[in-house]
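# Structural overview
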Amino acid sequence: MKDKIWSRWSKWTFRLVCSYFLLYIFLMFFSGLFETPFRWIGLEVLGISYEYDRSGFGSGDNTYAYITCFVNVVLAFFCFILWSLIDRKRPNYNTFYYWFKVVLRLFLIIFMFTYGFVKVFQIQFQSPSLIRLLQPIGEMSPMGLAWTYMGYSKGFGAFAGLMEIIGGILLIPRRTIALGSFIIMGVMTQVAMMNLFFDIPVKLFSIHLVLMAVVLFASDSKRFWYAFVRNSTTEIEPSYHPVKEKDYHYILFWVKLVGFIFVFSFALIFGYNTEKKRSPNNKANISEFYGIWETKRFIKNGDTILPLITNKEYWRYLILERKRRSVVKTMANQLERYYFNVDTATHKISMYSPEGDKDSLNISYEYDMKTLRLKGLLEDDSIEVLLTLKNLNNFPLKSRGFRWINERPYNR
């Protein structure tokens, strides 16, 4: 196979695809080093004159990412043309092709394991928070809706993550590259579609993962066709490998096996500990007065405030979920966040807004499981609030659970 002559179209396709994806992987990690020329290209070539941040504040589809993608495309075509001119007489790229696929496999394995384990252990998509339970669906962003949908069911999220992990595992042996890339194509296409239609800013990256899986599948599609469609392996050509020594393959096998066991074990331990640490059932994380507290009486500066729907002062709910944090939802549906440090010895609370000055034990409380009374000073205003604990089982999202038998659809 090493001496097999590639057609002109095969060599052109390989040069272009290889140039693009190797540049993509390089720029993914090092595009920040070229911020000055990239910003110049954005301004002078693409006409981008507005202010933007290179980091994107967590967004993978920010302006800088699209400028990088544009540069990626232009450089790939330049490399393709230059490569075709200076290396046009080469009969094939078997060895280069092999190592190019190794790079793509490693890249996909790393991210399939990363994305897979954070789903299996419910790190990426967490259970709907107490604030989400009170938020009307019309006020959610598309991304927020998707996160709530995925986070509601731990089993569904774990299944999606498990499929990503299986796809990554199957990319490790050369004989199962086609099957692994086929699974990744399906899983990541679903992810890419969710990113596109729920406005999740990882569109560029997820699409590139799909395309990398397509390249790997296309490189080994004959094996998939004969093994899974025609149920025959006699017509499959042996995979090309640049190293023929048996000792090399023996050592490589054990390196893969030991590396897989190490990475898999680390991911299991890290994922389990991280999920346990972030779990709402972890007493070290949850508030001393965990729950949604509904206001029954609210007195501010000596005046009883009426629960009018337009009243921005009246607390409709006090949401206590994470320790040292609180959220007030007013009658006007505004969310106000406060630090909420409880001193159980003195029955006092230090409550203050992130933008305000820190108050030291400025509010006293009385607590009896179902009722919470707060009295003190909050940002120069005296307050006296009576709250009762809301039953979370009144939310169908919390109480419905899984049922095998349903006499009729429960669609509310």
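Residues numbered from 1 in each chain as written. Predicted model: local features only at pLDDT ≥ 70, side-chain atom pairs only at ≥ 80, totals over all residues. Heavy atoms only, no water.

As recorded in an unreviewed UniProt entry, the protein goes by DoxX-like family protein and comes from Winogradskyella pelagia.

## A word on helix α7 (residues 154–170)
With 17 residues, α7 should reach 24 Å at 1.5 Å per residue; the first-to-last C-alpha distance of 24 Å fits that figure. Of the surrounding elements, those touching the buried residues of α7 are α4 (94–120), α6 (142–152), α8 (177–197) and α11 (246–278). (Helix = DSSP H or I, 4+ residues; strand = E, 2+ residues; numbered from the N terminus. Expected span 1.5 Å × (residues − 1). Contact = heavy atoms within 4.5 Å.)

## Quick look at a negative patch on the surface
On the surface, a cluster of negative charge is made up of E355, D357, E379 and D380. Mapped onto the elements, E379 comes out in the loop between β8 (371–378) and β9 (381–389). Looking at E379, the relative accessible area reads 38%, which means it is partly exposed. (Patch = residues over 30% accessible without salt bridge, like charges linked within 9 Å, V, L, I, M, F, W, Y side chains within 5 Å. Areas by Shrake-Rupley, 256 points an atom, 1.4 Å probe, with all protein chains shown as cover. Salt bridge = Lys/Arg side-chain N within 4 Å of Asp/Glu carboxyl O. Lys, Arg positive; Asp, Glu negative; His and termini not counted. Charge placed at Lys NZ, Arg CZ, Asp CG, Glu CD. Buried < 20%, exposed > 50% of the residue type's maximum accessible area, 1.4 Å probe, protein only.)

## Structural notes on the pairing of strand β3 (residues 315–322)
Each regular strand displays side chains that alternate between the two surfaces of the sheet. Counting buried residues along β3, six of its eight residues qualify, which places the element largely inside the surrounding structure. Pairing of strand β1 (residues 286–300) with β3 involves five bridges; the strand directions are antiparallel. In the sheet register, G291 faces β3, and the bridge partner there is L320. Pairing of β3 with strand β4 (residues 324–330), which is carried by four bridges, proceeds in the antiparallel orientation. Bridge assignment links I319 to a residue of β4, and that residue is V327. Remark: one residue form the turn of the hairpin made by β3 and β4, two consecutive strands paired antiparallel. (Pairing = 2+ DSSP bridges.)

## Looking at the packing of α4 against α11
At a minimum axis separation of 11 Å, α4 and α11 run at an interaxial angle of 20°. For the element pair α4 / α11, the angle class is roughly parallel. Between α4 and α11 lies a crossing of right-handed hand. Contacts between α4 and α11 involve W99, R105, F113 and F117 from the former and Y248, K256, F260, V263, F264, A267 and L268 from the latter. (Axes fitted to C-alpha atoms, helices over the stretch in contact; angles between N-to-C directions. Parallel < 35°, antiparallel > 145°, perpendicular 65-115°, else oblique. Left-handed = near helix turned anticlockwise from the far one by under 90°.)

## What to know about the pattern of salt bridges
In this structure the tally under the stated criterion is nine salt bridges. Across the pair E35 and R39 runs a salt bridge, and its minimum N-O distance is 2.9 Å. On the criterion of helical spacing, the pair formed by E35 and R39 is a turn pair, its members being four residues apart in helix α2 (residues 35–44). Note on R39: relative accessible area 26%, which makes it partly exposed. Residue K300 is joined to D381 by a salt bridge in which the shortest nitrogen-to-oxygen separation is 3.8 Å. Of the two residues, K300 is situated in strand β1 and D381 in strand β9; the sequence distance between them amounts to 81 residues.

## Some remarks on the side chain of K119
Structurally, K119 is set in helix α4. A polar contact of 3.1 Å, which involves the side chain of K119, links it to the side chain of Q124. Ignoring anything within four residues of it in the chain, the contact list for K119 reads Q124, F125, G157, A158, A160, G161 and E164. (Polar contact = N/O pair within 3.5 Å; in protein donor to acceptor, adjacent residues only side chain to side chain.)

## With respect to the nonpolar core
Counting residues in hydrophobic clusters, the biggest one holds 41 residues, and the most contacted among them are L104 and M212. Of all the secondary-structure elements, those providing two or more residues to this core are α1 (8–30), α3 (63–86), α4, α8 and α9 (203–219). At nine residues, α4 tops the list of elements feeding residues into this core. Ignoring anything within four residues of it in the chain, the contact list for L104 reads F21, I25, M212, V215 and L216. Membership of the second largest hydrophobic core comes to 23 residues, among which are W315, V342, Y365 and L372. (Core = buried A, V, L, I, M, F, W, Y, C linked by side-chain atoms within 4.5 Å.)

## Here we look at the UniProt feature "transmembrane region" (unreviewed entry) in the protein
Sites flagged by UniProt as "transmembrane region" (unreviewed entry) map to residues 12–34, 64–86, 98–118, 149–172, 179–198 and 251–272. Secondary structure across residues 12–34 comprises 83% helix and 0% strand; the distance between its end C-alpha atoms is 28 Å. Each end of residues 179–198 is marked by a C-alpha atom, and these two atoms are 29 Å apart; helix forms 95% of the span and strand 0%. (UniProt positions renumbered as here; feature names shortened; annotations may be inferred.)

## A closer look at the pairing of β4
Burial analysis of β4 places five of its seven residues in the buried class, the great majority of the element. In this structure, the hairpin formed by β4 and strand β5 (residues 335–343) is closed by a connection of four residues, where N333 is found at a positive phi of approximately 65°.

## A few points about α4
Residues lying three or four places apart along an α-helix face the same way, a consequence of the helix completing one turn every 3.6 residues. Between its first and last C-alpha, α4 extends 38 Å over 27 residues, near the 39 Å set by a 1.5 Å rise per residue. Positive phi shows up at Q122, right after α4, with a value of about 50°.

## A short note on the packing of aromatic side chains
By the definition in use, this model includes 41 aromatic pairs. The interplanar angle of 85° and the centroid separation of 6.0 Å between the aromatic rings of F14 and F100 together place this pair among those described as edge-to-face. Placement of F14 in helix α1 and of F100 in helix α4 is noted, with a sequence separation of 86 residues between them. On the accessibility criterion, F100 (2% relative accessible area) is buried. Measuring from centroid to centroid gives 5.5 Å for W83 and F96, while their planes differ by 40°, and the two rings are tilted. You can see W83 sitting in helix α3 and its partner F96 sitting in helix α4, a full 13 residues away along the chain. A relative accessible area of 35% means that F96 is categorised as partly exposed. Above the face of the Y52 ring, R39 is positioned so that its terminal group lies 4.4 Å from the ring centre. (Phe/Tyr/Trp six-rings, centres within 6.5 Å; stacked < 30°, edge-to-face > 60°. Lys NZ or Arg CZ within 6 Å of the ring centre and 35° of its normal.)

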